[in-house]
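# Overview (structure and organization)
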Amino acid sequence: MSERITRDEVIHVARLARLDLSDAEIDEFAHQMSDILDHAADIEALDVGDIEPTSHPLPMVNVFRADERRPSLDRDEVLGVAPAEQDGQFRVPPILGEER
Amino acid sequence: MSARSIAADVASGARSAASVLDEHLARVREREEEIHAFNLVTEEKARSQADAVDAAVAAGDPVGPLAGVPLALKDNMCTRGIPTTCSSKILEGWRPPYDATVVSRLADAGAVFVGKTNLDEFAMGSSTENSAFGPTRNPLDTGRVPGGSSGGSAAAVAANFAPLAIGSDTGGSIRQPAAFCGIVGMKPTYGAVSRYGLIAFGSSLDQFGPFATDVADAAALYDVIAGHDPLDSTSITDFTPNAVDHLSRGVQGLRVGVVRELSGGAGSVEGLSADVLARTNEAVEALAAAGAIVEEVSVPSATLGLSAYYIVAPAEASSNLARYDGVRYGLRVDAPTTGEMNTATRTAGFGAEVKRRIMLGTYALSAGYYDAFYGKALKVRTMMLRDFASVYENFDVLITPTAPTTAFPFGERSSDPMTMYVNDVCTIPSNLTGHPGISVPFGVGDDGLPVGVQVLAPALADGLTFQVAAVLEAAANAGGAT
């Protein structure tokens, strides 16, 4: 049986998910994701017509609170567990790198 | 010794919390190397909590309902200043700057935290084999898995490292390990227990819940952790847990449905083993003997749960785990640009199963496939909610096995994701619907290992699951299970 998901699709999805996969992983995931989606063929084939989708098991309502000042997490404690910080902010490498 | 007798003895001054802790830590020292229930034993924290309880008792101050009771926390619960890893290299060494609401409530109730328990990485798995720090072994047979993902919490209770533990359940991760380790585990109604500080896997499915050696202890723990929390916007308002009140109500006249599709009846899912089905039938007979009205019932969409779950859960996971980007906490692998750093960090930090689910979820949510998979899965969720709602018009509770088999040997299912995923076939429906479910031990399988029977109830009827489980437990103890 031909695989439902190709190597190219796996490479594309990995880029979206910010994962760098080895050649072996690309083959493995193409095969395993195809298997899992084959199992999901039962719902893919289902005629669900105009049934409303449910994204949450309970009815969701917007939750408001009074607009009052209250303490937040301690800034030094939060920055203290960050990989890198500078001047009270999270520090990252250049965002706009060289064209590549 | 039960958690409730420990709490009573400590509160009355008959025993000190410090001596209770010593006894449990002695067992940890004896067997932990073999079992590996914990990612971290928090002895120092436990001693300070036990000493505080003892000081309060000595001073005649009021103590909480779990005073001096050792308790294990799954390592996906934020504990301020105490490493919290989710059994992932990407969070190794991270110390959260805040406590989960459940952790605060337990501390206020007088519990003594003995450690952070091992899990499948980010709670993705059914055997605890996916931990970046090595598997947990089943205390009843160390050649077998403890179940998962809360395998460390279940093993900690089964090995009597602590009489109580907290786990989280996204597709069965409390109930299945409880079944495999011969203890009680319960998944509350979605929104009954605060998720604040639960490191998210599938946000519309995740719930914290109790593990204990018996139903009464599980109910007492449930009553401490459940209830409204303004810090969780999905927390149910005006909900007062009263599980303990349900324990002695019995099942006289209660309408019990046996779900045909999940119990080996006509049109049932495959792979349910004969010994597990036999114990489930005996459990049903025990309820009938105790006065319940028992009938087989059909929930047609229950068989679609597995497919829907393995679209919805990875989709939510791929979104939730986007936050591990090496910027604010956890691992960072250096690279010349932020984009490359993000990718290098995630590639090095996540294990194979987590990558597989992120990939699957990203695919299911990507342009061109969203409607075919994710959109469909959400509609299946609606179908399941409707099917269960119509069944609950005629039934108070439903019965199924908790898991298709007893605890399986290491490596038996880890090579093929689909064979591992079918473990969750009986537990998944209540995560998709948000309904409560409990697993209670009922006899043993052909291999001598415990079988768990599952009691399901409609939303907010959490107390009812404990009520029925208490009757099953009494019947099993009286020899009603073979």
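With that settled, consider the overall build of chain B. Within chain B, the regular secondary structure consists of 16 helices and 11 strands. Against the compact-globule benchmark of 23 Å for 482 residues, chain B has a radius of gyration of 21 Å, which places it among compact chains. Projected onto its principal axes, the C-alpha coordinates of chain B cover approximately 65 × 60 × 45 Å. Counting over 482 residues, chain B shows a buried share of 66%.

Let us look at the packing of helix α10 (residues 305-320) of chain B against helix α13 (residues 370-391) of chain B. Residue and element names in this part refer to chain B. Here α10 crosses α13 at 125°, and the two axes come no closer than 9 Å. Looking at the two axes, α10 sits oblique to α13. α13 is crossed by α10, and the crossing has left-handed handedness. Along the contact surface, α10 presents Gly-305, Ala-308, Ile-311, Val-312, Ala-315 and Glu-316, while α13 presents Phe-373, Tyr-374, Ala-377, Leu-378, Val-380, Arg-381 and Met-384. Tallied by class, the residues present in the contact of α10 with α13 amount to 10 nonpolar, 1 polar and 2 charged.

Right, let's get into the pairing of strand β8 (residues 293-297) of chain B. A regular strand places its side chains on the two faces of the sheet in alternate fashion. All names here are of chain B. Here strand β7 (residues 255-259) pairs with β8 via 5 bridges, running parallel. Each bridged residue has a counterpart across the sheet, and for Val-256 the counterpart in β8 is Val-294. Crossover handedness for the path β7 to helix α9 (residues 274-289) to β8: right-handed.

By the definition in use, this model includes 24 salt bridges over all chains. With a closest N to O distance of 3.9 Å, B:Lys355 and A:Glu25 form a salt bridge. Of this pair, B:Lys355 sits in helix α12 (residues 352-365) while A:Glu25 sits in helix α2 (residues 23-39), on two different chains. We classify B:Lys355 as buried; its relative accessible area is 7%. Among the ionic pairs, B:Arg175 bridges to B:Asp169, the shortest N-O distance being 2.9 Å.

Once that is clear, we can look at the side chain of B:Thr347. With respect to the secondary-structure elements, B:Thr347 resides in helix α11 (residues 338-349). A polar contact of 2.7 Å, which involves the side chain of B:Thr347, links it to the backbone oxygen of B:Thr343. Other than its neighbours up to four places away in sequence, B:Thr347 contacts A:Arg18, A:Leu19, A:Asp20 and B:Lys355.

Residue and element names in this part refer to chain B. Taken as a whole, this structure holds 15 aromatic pairs over all chains when the rule is applied. Relative to Tyr-324, the ring of Phe-122 has its centre 5.0 Å away and its plane inclined at 55°; by these criteria the two rings are tilted. Taken together, the residues span a long stretch of sequence, with Phe-122 in the loop between β3 (112-117) and α5 (151-158) and Tyr-324 in the loop between α10 and α11 at a distance of 202 residues. Summarising the burial analysis for this pair, Phe-122 and Tyr-324 share the class buried. Each ring, one from Tyr-222 and one from Phe-466, has its centre 5.4 Å from the other, and the planes form 55°; the classification is tilted. Taken as a pair, Tyr-222 in helix α7 (residues 215-225) and Phe-466 in helix α16 (residues 462-477) lie far apart in primary sequence, 244 residues in all. Residue Tyr-222 shares its accessibility class with Phe-466, and that shared class is buried. An aromatic cluster of three or more residues is present, and its members are Trp-94, Phe-122, Tyr-324, Tyr-329 and Phe-350. One residue, Arg-413, lies across the ring of Phe-408, its end atom 4.2 Å from the ring centre.

Turning our attention to unusual backbone geometry. Residues and elements named next belong to chain B. Following Gly-148, the chain continues to Ser-149 via a peptide bond in cis, the omega torsion being 10°. Mapping Ser-149 onto the fold places it in the loop between β3 and α5. Even without glycine at this site, Phe-122 takes up a positive phi of about 55°. Positive phi, close to 70°, is recorded for Ala-123, a residue that is not glycine. Within the secondary structure layout, Ala-123 lies in the loop between β3 and α5.

Time to look at α9(B). All names here are of chain B. Taking 1.5 Å per residue, 16 residues should reach 22 Å; α9 reaches 22 Å between its end C-alpha atoms and fits that length. Those residues of α9 lying buried are Asp-275, Val-276, Leu-277, Arg-279, Thr-280, Glu-282, Ala-283, Val-284, Ala-286 and Leu-287. In the segment just after α9, Gly-291 is the residue with positive phi, at about 105°.

Conventions used here
- Residues numbered from 1 in each chain as written.
- Chains lettered and ligands numbered in written order.
- Predicted model: local features only at pLDDT ≥ 70, side-chain atom pairs only at ≥ 80, totals over all residues.
- Heavy atoms only, no water.
- Helix = DSSP H or I, 4+ residues; strand = E, 2+ residues; numbered from the N terminus.
- Rg over C-alpha atoms; globule rule 2.2 N^0.38 Å.
- Buried < 20%, exposed > 50% of the residue type's maximum accessible area, 1.4 Å probe, protein only.
- Axes fitted to C-alpha atoms, helices over the stretch in contact; angles between N-to-C directions.
- Parallel < 35°, antiparallel > 145°, perpendicular 65-115°, else oblique.
- Left-handed = near helix turned anticlockwise from the far one by under 90°.
- Contact = heavy atoms within 4.5 Å.
- Nonpolar A, V, L, I, M, F, W, Y, C, P; charged D, E, K, R; others polar.
- Pairing = 2+ DSSP bridges.
- Right-handed = clockwise from strand over helix to strand, strands pointing away.
- Salt bridge = Lys/Arg side-chain N within 4 Å of Asp/Glu carboxyl O.
- Polar contact = N/O pair within 3.5 Å; in protein donor to acceptor, adjacent residues only side chain to side chain.
- Phe/Tyr/Trp six-rings, centres within 6.5 Å; stacked < 30°, edge-to-face > 60°.
- Lys NZ or Arg CZ within 6 Å of the ring centre and 35° of its normal.
- Expected span 1.5 Å × (residues − 1).

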